[in-house]
Amino acid sequence: NAGVTQTPKFRILKIGQSMTLQCTQDMNHNYMYWYRQDPGMGLKLIYYSVGAGITDKGEVPNGYNVSRSTTEDFPLRLELAAPSQTSVYFCASHRREGRYEQYFGPGTRLTVT
Amino acid sequence: ELKVEQNPLFLSMQEGKNYTIYCNYSTTSDRLYWYRQDPGKSLESLFVLLSNGAVKQEGRLMASLDTKARLSTLHITAAVHDLSATYFCAGGSNAGNMLTFGGGTRLMVKP
């Protein structure tokens, strides 16, 4: 299993541009999450999904959108990028039953200038 | 709304010493997680604590949970340089298992 994969690894955006961060997991996990981590800080939840077709907001959803059309994929869309969205973005997944740990992807480092 | 606070934020210690990182949380949390993060890397799961009094150990790290005090601790025994990293605790909610993270403790172990 590849686990949780994210693309791209790095990206520089200009203010006002848009982009989609990709996240895929091959563990057949029901739950998926997007977090952002600002320098020297803990992670904050942006959006999450408990299954295909179901998404909900986390702590810091403004400026982002998500969709979940399949169990495997959970893309995060940034519209009209702003410098405040400069951060490292982590995708995570988790099974509904059994062990509770969340498995994290390698992260996408995004800079908005 | 769950809030999670860790202390200390930064810890510099000598190899061979013992120390404890503290994680306080504000409201009832169904489970408590500890993660390790190396610079520029993703998060690695260390422990998941599910009930009051839970204690888990892996190598030189031991985590415990006191739900009545809303406190979890990560104890480091006889620290070695390889343990240098940032350690995060996070509280989990039943609904959607959303995690609320503490600010992290940056640990430096000096030879």
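Residues numbered from 1 in each chain as written. Chains lettered and ligands numbered in written order. Predicted model: local features only at pLDDT ≥ 70, side-chain atom pairs only at ≥ 80, totals over all residues. Heavy atoms only, no water.

**Structural notes on the sheet that holds strand 3 (residues 19-25) of chain A**
Residues and elements named next belong to chain A. This is how it is decided: Paired strands, in this sense, are two strands between which DSSP finds at least two bridges. Under the DSSP-based scheme used, a helix requires at least four consecutive residues in state H or I and a strand at least two consecutive residues in state E, with every element numbered from the N terminus. To obtain each axis, a line is fitted to C-alpha atoms, and for helices this fit is confined to the stretch in contact; angles are then taken between N-to-C directions over 0 to 180 degrees.
Read from one edge of the open sheet, four strands run 1-3-8-7, paired in antiparallel fashion. The open sheet has two edge strands, strand 1 (4-7) and strand 7 (64-66), and neither has a second partner. For this sheet, the mean inter-axis angle between neighbouring strands, taken without regard to orientation, is 20°. Here strand 1 runs beside strand 3; their pairing, made up of four bridges, is antiparallel. Considered in strand 3, the bridge of Thr5 is made with Thr24.

**Regarding the state of the cysteines**
For clarity, the cut-off: Count a disulfide wherever a pair of cysteine sulfur atoms falls within 2.5 Å. A 1.4 Å probe rolled over the protein chains alone gives each residue an accessible area, and that area as a share of the maximum for its type sets the label: buried under 20%, exposed over 50%, partly exposed in between.
For the structure on display, the rule yields two disulfides over all chains. Residue pairing for Cys23(A): its cysteine sulfur links by disulfide to Cys91(A), the two sulfurs lying 1.8 Å apart. Between Cys23(A) and Cys91(A), the S-S dihedral sits near -70°, and the bridge is therefore left-handed. Separated by 68 residues along the polypeptide, Cys23(A) in strand 3 and Cys91(A) in strand 9 (residues 87-94) bring together distant segments of the chain. Taking relative accessible area as the criterion, Cys23(A) reaches 0% and is therefore assigned buried. Shown here is the disulfide that connects Cys23(B) with Cys89(B), its sulfur atoms set 2.0 Å apart. With the S-S dihedral at roughly 85°, the linkage between Cys23(B) and Cys89(B) falls on the right-handed side. Placement of Cys23(B) in strand 3 (residues 19-25) and of Cys89(B) in strand 9 (residues 85-92) is noted, with a sequence separation of 66 residues between them.

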